[in-house]
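# Notes for the structure review
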Amino acid sequence: MVRGVLFDLDGTLGDHEASVTAALTAWLPSLGVTCSAATVELWEEIAERHLVAWGRREVTFSEQRRRRLRDFLPAVGVAYEWTALDEVFAGYLTHYEAGYQAYDDAAAAVAAVASAGPAVAVLTNGSAVQQRGKLTRMGFHDIATVFTPDDLGVAKPDPDAFRLACERWGLEPGSVLSVGDNHAFDVLAARAAGLRAVHLDRAGTGPAEERQRIATLRELGAYL
Ligand SMILES: [Mg+2]
C-alpha cells in the first residue's frame, strides 16, 4: 500500500526547461547576446555540472551560481568582473523565477493523490528557499513537506537522500512511491533505497526497458 508519494520538482511538477529558455531569451540580450537553442543547451550543461558540486556540499549555492557564470560568460563572449557575478546572476534569476510555471497536469495529480489518501511531499535537488518559493508561486500551498540537500545534507542520486527523507517523513521506504522525470535520480536511486518508483517520461525518450513509466501525471492513479 502506498502511504506517501514523493514528487520531484523541476521537470516533474514545474516546467524548469521552459522557464530557463524564457529567462535566457529575455535576459541574454541585456548582455548583448542572442539566445539560441545551443546557448540554452550550454547554459543547462554548465548548470548541471556545478549543481552536482553543490549537491555534494563542495560549494555553497551562491558559489555554484558564480561558477556557472565564470564558465558561461566567456563561452558566449561576455567579459565580466568577478565582483559583479552575483548581480549578473540576479538578472537571470528574476526572469527564471517570474516565469516558473507548473505543468498543466501537476495540480490535479497532487490533488488526486491527496484525495486518494497518501501523503504528498517533494524531494528536490534545488535549494530549500528557491524550491519552496517555486511551490508557493505555483499554488502548491498544501505541500508542506519539502526535502532538499540543504536539510538532508545529501542529494539525489545518492540513495541516502531517499532514505533520510522517508525517515524524517516517518514512512517506511517500501510504502513510498517516488515520481520524477530523471530516471537515474528519481527512479533508480529511489529503488536502491527501497522505495517504489515510477518514471515520468514526458518526452518519451526512455529508457524503453523501464516498465514503471508514465507519459503524464494523469496516469499516476494506476500506481496508488
Ligand atoms: Mg527533475
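No experiment lies behind these values; they were computed from the predicted model shown.

### Quick notes on the nonpolar core
Counting residues in hydrophobic clusters, the biggest one holds 43 residues, and the most contacted among them are Phe7, Leu13, Trp27, Trp43 and Tyr92. The element that contributes the greatest number of residues to this core is helix H4 (residues 85-98), accounting for 6 residues. Beyond its immediate sequence surroundings of up to four residues, phenylalanine 7 is in contact with Thr12, Leu13, Val110, Val113, Val120, Ala121, Val122, Leu123, Val179, Leu217 and Leu220. Ranked by size, the runner-up nonpolar core spans 19 residues in total, among them Leu6, Ala161, Leu171 and Ala197.

### Focus on the coordination of the magnesium ion
Taken together, Asp8 (OD), Asp10 (O) and Asp181 (OD) make up the full set of protein donors to the magnesium ion, lying 2.2 Å away. Mapped onto the sequence, the residues coordinating the magnesium ion show the spacing D-x1-D-x170-D. Of the two residues, aspartate 8 sits in the loop between strand S1 (4-7) and helix H1 (16-27) while aspartate 181 sits in the loop between strand S4 (176-180) and helix H9 (183-192), which places them 173 residues apart along the sequence. For aspartate 8, a relative accessible area of 7% puts it in the buried group. Exposure remark for aspartate 181: the relative accessible area of 31% places this residue in the partly exposed category.

### Re the layout of surface pockets
Approximately 1,100 Å³ is the volume attributed to the largest pocket. Around the largest pocket sit 47 residues that line it, and Asp10, His16, Glu48, Asp181 and Asn182 are the ones nearest its centre. Contributions of two or more residues to the lining of the largest pocket are made by H1, helix H2 (37-55), helix H3 (61-75), H4, helix H6 (128-138), H9 and strand S5 (196-200). Here the element with the most residues in the lining of the largest pocket is H2; it accounts for 8 residues.

### Here we look at the domain arrangement of the chain
Many structure descriptions define interface size as the accessible area lost when the parts assemble. Taken as a whole, the chain is organised into domain 1 (4-15 + 102-223) and domain 2 (16-98). With centres defined by C-alpha atoms, the gap from domain 1 to domain 2 works out at 25 Å. Each partner contributes to the interface: domain 1 provides 14 residues, whereas domain 2 provides 12 residues. The partner of arginine 57 in a salt bridge is aspartate 150, and the shortest N-O contact between them spans 3.6 Å. Linking domain 1 with domain 2 are 8 residue pairs in polar contact (both at pLDDT 80 or more), by the criterion used here. Mapped onto the side of domain 1 that touches domain 2, the elements with two or more residues apiece are H6 and helix H7 (149-152). The leading source of residues in the side of domain 1 that touches domain 2 is H6, at 3 residues.

### Remarks on the packing of aromatic side chains
Counted according to the given criterion, the structure contains 10 aromatic pairs. Centre to centre, the rings of tryptophan 54 and phenylalanine 61 are 4.8 Å apart; their planes meet at 65°, and the pair counts as edge-to-face. Phenylalanine 61 sits in the buried class, given a relative accessible area of 16%. An aromatic cluster is defined as three or more aromatic residues linked by ring pairs; in this entry it consists of Trp27, Trp43, Phe72, Phe89, Tyr92, Tyr96 and Tyr100.

### Quick word on empty space enclosed by the protein
Applying the stated criterion to the full structure yields 1 cavity of 30 Å³ or more. When its volume is computed, the largest cavity comes out at roughly 30 Å³. Every residue along the wall of the largest cavity is listed here: Leu6, Phe7, Asp8, Leu123, Lys156, Phe162, Ser178, Val179 and Asp186. Its residues assigned to classes, the lining of the largest cavity comprises 5 nonpolar, 1 polar and 3 charged.

### Concerning the packing of H3 against H4
Two numbers describe how H3 lies on H4: the axes approach to 10 Å, and their chain directions differ by 90°. If you check the angle between H3 and H4, you find them roughly perpendicular. Contacts between H3 and H4 pair Arg65, Arg66, Arg68, Leu69, Arg70 and Leu73 from the former with Leu85, Asp86, Val88, Phe89, Tyr92 and Leu93 from the latter. For the contact of H3 with H4, a count of residues per class yields 7 nonpolar, no polar and 5 charged.

About the cut-offs
Residues numbered from 1 in each chain as written. Predicted model: local features only at pLDDT ≥ 70, side-chain atom pairs only at ≥ 80, totals over all residues. Heavy atoms only, no water. Core = buried A, V, L, I, M, F, W, Y, C linked by side-chain atoms within 4.5 Å. Buried < 20%, exposed > 50% of the residue type's maximum accessible area, 1.4 Å probe, protein only. Helix = DSSP H or I, 4+ residues; strand = E, 2+ residues; numbered from the N terminus. Contact = heavy atoms within 4.5 Å. Donors = N, O, S within 2.8 Å, 3.2 Å for Na, K, Ca; no water. 1 Å grid on protein atoms, 1.4 Å probe; cavity = no way out; pocket = protein on both sides within 12 Å on 5 of 7 lines; lining within 4 Å. Points joined across faces, edges and corners; volume = space filled by probe spheres on them. Domains from an automatic or database assignment. Salt bridge = Lys/Arg side-chain N within 4 Å of Asp/Glu carboxyl O. Polar contact = N/O pair within 3.5 Å; in protein donor to acceptor, adjacent residues only side chain to side chain. Phe/Tyr/Trp six-rings, centres within 6.5 Å; stacked < 30°, edge-to-face > 60°. Nonpolar A, V, L, I, M, F, W, Y, C, P; charged D, E, K, R; others polar. Axes fitted to C-alpha atoms, helices over the stretch in contact; angles between N-to-C directions. Parallel < 35°, antiparallel > 145°, perpendicular 65-115°, else oblique.

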